[in-house]
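# Overview (structure and organization)
Letter by letter, the chains look like this.
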Amino acid sequence: MTALPSPRPRVKAQVAHFLGLARSSEEQLLDALVLFAERHSRDFDLSGGATIVASWPRDHIERLKLLVERYGAVPSDQPERLRAALLSGTRMGAAGSLHDLQDLSLLAEQVSMAWTILFQGGKELHDDDLLALSADAREHTRRTLQWLR
Amino acid sequence: MHETRDSVADVWGPRTPSAGMWPVRSDERLLEEPDEWVQSVCVLCSTGCGMDVAVKDGRMVGVRGRPGDHVNHGRLGPKGLHGWQANASADRLTTPLIRRGRELVPASWDEAMGMIVERSKGAKEEYGQGSIGFYNSGQLFLEEYYTLAVVAEAGIGTSHVDGNTRLCTATASIALIESFGTDGQPGTFDDFDVTDAVFLVGHNMAATQTVLWSRVLDQLAGPNPPRLVVVDPRLTATARRADVHLTPRPGTNLPLLNGLLRIVIERGWIDSAFIAAHTINFEHLVTTTDPWTPERVEAVTRVPVKSLEAAAEIVGTSPTLVSTCLQGVYQSLQATASAVQVNNLHLIRGMIGKPGCTVFQMNGQPTAQNTRECGADGEFVAFRNWNNATHVADTARVWNVEPKTLPTWTPPTHAMQIFRYCETGAIRMLWIIGTNPAVSLPDLKRIHKILERRDLFVVVSDAYLTETAARADVVLPAALWGEKTGTTTNADRTVHLSMKAMQPPGQARSDLDTLLDYAKRMDFRNKDGGPLVTWTDAEGAFESWKACSKGRPCDYSGMSYALLAERGAIQWPCNETYPEGRARLYEDGQFNTATDYCETYGHDVVTGGALKPEEHAAMNPAGRAIIKGAEQVPPPEEPDDDYPYLLTTGRVTYHFHTRTKTGRVKALNAAAPEPFVELAPTDAAELGVSEGDLVEITSRRASIRVPARVSGIEPGVVFVPFHYGDWDDPSRDAAANELTISGWDPVSKQPFFKFAAVRLQRVRSASDRDDAGPPARAAAEYGGTTARPTVGAGSRAGAEGER
């Protein structure tokens, strides 16, 4: 009888993939929030709020370094392609800001999805650092989406 | 002239040491013997001292405190004893004014109102009901706010209604709502008489609520003095009496409070039974406070570990505790998040709803409470939830309109956003009532540009030609307190009746009469085709308000003018259950957080993100208080090499707001005639600045020039009073709000008046100034601070026992 192969290498590879996705998504969300804050600098409800929630991607990107060292990270250009499609052009007025908020929501959803999968990975691998960061990041992203609504 | 005390020379009066019951002493100031005394209340701060006005030959000739009033026990402060004289100022507005080119020329009421009505109808037709906005005050009467709310929301149908209370009280209201479900101060001022500890967070009570401070001083002088903890970067008269004085770097209230809470939790100074029975989300607080060790708090706030621990010991172990928050919290960073942490302290210690145990989210302005209750400030009327269809329907029933005509499809617009809409042209007509945004809003250059826009029709109702009125298209002369009848409510839910004592000058009218006239001319109708506004005087408005408030926490249904005249003062709720009114709320630990009763579904206190109804229902507070923890987030701007100092702004004892009234009273004005910048001795030395030198202060937005006062403020921090516009001296260039940021709290939308990065430069020495006035009075009398001793690194008042 052959023993079943350990799930660990497969899960580890998935984690590497989604760490890459998480990192890219967080970077894109951060850039988008900074751009949004500049674009709406006359509306503090928008620019001030964006600056507040932008502190979270910054924090996650910093904390990701440890995990990327541990697992590696497969770079992903998917977030960049998404971001380029969104937030493009000059958007004026109230309709413009609504459109921007929608685009930010899409980016934040992408971040959220990556962390949800990483949270599962953390559980399977019993990695407390991965679990802690994923849990925090999911909560932060939930709060960001709540603010964006 | 007869006065029982000189309140300018001795602000807080002689001591009557007490433990428990505060002695009675009637303060009085009379210029002539009166024919009669008229029942009233002081409206120059949110204490709301019961007072009577002396009248002779149709003129006000003096005032006296009412001894039987639970708020002040007969005492009055300098503003109360002197402020009434501003009514008689020669430059009162006595006719309407209409702009013709550069000038404002006298006009009749018919002409002025005709123009306003024409522009209102035109704006509504061409641009929609959302093109009209109302920016009102914190100094009107209940009946005026209520009428304004009905006119604006049910008549015009606009959600652009807010008051200058956004600048002073918004956080107080929101903090109470987030924790307890609705607005409503839980305690009563009598709590100060029986408490073992007083915790003043960003509240210079000595300067801003002088009679309440007298009450505290009398307890401190008595046999059982409470212990006092004060949080303020300035060594104020309040702080000088503290057992522990914490001086956090501006903008760091939240880390400080998190640190205090962490110690309280760690040492087990909590009431676990109360937490379990009457609160939810305590675990979240444990998580958010955990990182804030005393060492980390010191690194961020500069408050020494020993001071933090000394403060925690007092607020954590005292058998009873009264805390207050005011502008030092509300106008600083993360205002709502910080204010809520003070609520949390009381919740985790079970210090609420019993004698000597309460938190006051203090109101800034005299009748701010009324604007919050009547829905003239961006909250919905009678603490209802604009997002709850049943509440909206209930309001529509009282006002006899269709629910769908009430503008509740969006949150009410806050003041800064109203001005932003004026800036973008979305709002075409702005009616400003009893406030002076040209001096009191942040980032004044921007505000002046907005007010001067050609496409914005500005109406100003005021008693004087303020800096704002000077920029209006129509100015309406307003009656002041004393010249009209109405009710007011203070910061411990006490309702007073203020009777008309004299006629307003010339053709000035009360704001109530102006609004009633407007409603008639606009022909606002209810859903049966009858007039929307069914009352014709103040008492009529009050009766309608009673019906509107019935069943809500601020229940006035058991009150009447007759009862108020007889009893002098009544605390709401006053209804069948509490016919005498009620001193304290939440005595049974039942809060107003039920999903179908609460005022809002709540917010993330860090981001301002709003909870949906289903999220609130899932949380299921069911009458338990909601504990909300909060983490620190980065500030909107930081000091750097170009702008190395932090600016905080605020008030002095003798003045109110932009000095429209107090600047016109000789004694008050003489006590504090000029602005100044307070800076620490070490900073002064570094800058080569001496006492009285003219200093230029520059922020990323503008510059001002004021004389220096070297004082006991924290190094790296400077203070400028915000009162000094240029209505009385066009050469003055000292309005503090030129420097402040167009930024605000994400939940309460209250602006950051107490946080901006600035640089300082000496311009002229004191001896070279040709505007050098009389010698400066002692800093304490400005409500300012005294110089710290320069010897000894550890010489902090309080820790060393300096009293």
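Residues numbered from 1 in each chain as written. Chains lettered and ligands numbered in written order. Predicted model: local features only at pLDDT ≥ 70, side-chain atom pairs only at ≥ 80, totals over all residues. Heavy atoms only, no water.

## Quick look at the sheet that holds strand β2 (residues 28-30) of chain B
All names here are of chain B. Keep this limit in mind: Only when DSSP finds a minimum of two bridges between them are two strands counted as paired. Counting from the N terminus, the helices are DSSP H or I runs at least four residues long and the strands are E runs at least two residues long.
Strands sit in the order β1-β2-β5-β4-β3 across an open sheet of five strands; the sheet is antiparallel. The strands lining the two open edges of the sheet, one partner per strand, are β1 (2-3) and β3 (36-41). Strand direction decides the pairing type here: β1 and β2, joined by two bridges, are antiparallel. Note on β2: the bridge partner recorded for Glu3 is Arg29.

## What about the packing of aromatic side chains?
All names here are of chain B. Condition: Pairs were defined over the aromatic rings of Phe, Tyr and Trp, the Trp ring being its six-membered one, requiring ring centres within 6.5 Å. Orientation was assigned from the angle between planes: stacked under 30 degrees, edge-to-face over 60, tilted for the rest. For every residue, the accessible area obtained with a 1.4 Å probe (protein chains only) is divided by the maximum for its type, and the residue is called buried under 20%, exposed over 50%, and partly exposed between those limits.
Taken as a whole and assessed by the stated rule, the structure comprises 19 aromatic pairs over all chains. Each ring, one from Tyr135 and one from Phe419, has its centre 5.4 Å from the other, and the planes form 90 degrees; the classification is edge-to-face. Placement of the pair is Tyr135 in strand β8 (residues 132-136) and Phe419 in helix α18 (residues 415-424), with a sequence separation of 284 residues. Under the relative-accessibility criterion, Tyr135 is labelled buried at 0%. Residue class for Phe419 comes out buried when judged on its relative accessible area of 2%.

## Concerning the nonpolar core
Going by this rule: Working definition of a nonpolar core: buried Ala, Val, Leu, Ile, Met, Phe, Trp, Tyr and Cys residues. They are joined through side-chain atoms within 4.5 Å. Two residues qualify as a contact provided that any one of their heavy atoms is within 4.5 Å of a heavy atom in the partner residue.
In this structure, Ile116, Phe199, Tyr518 and Trp545 of chain B are the most contacted members of the largest nonpolar core, which totals 163 residues. The element that contributes the greatest number of residues to this core is helix α3 (residues 142-156) of chain B, accounting for nine residues. Setting aside its immediate chain neighbours within four residues, Ile116 of chain B contacts Met429, Trp431, Phe457, Val459, Val474, Leu476 and Tyr518 of chain B. Core analysis: the second largest hydrophobic core is formed by 36 residues, Val11, Ala50, Val111 and Leu133 of chain A among them.

## Comments concerning the environment of Arg262 of chain B
Residue and element names in this part refer to chain B. Relative to the helices and strands, Arg262 is located in helix α9 (residues 253-266). Considered as a pair, Arg262 and Thr287 are 25 residues apart in the sequence and their alpha carbons are 9.5 Å apart. Residue contacts for Arg262: discarding those within four places in its chain leaves Thr289, Asp290, Trp292, Thr293 and Pro294.

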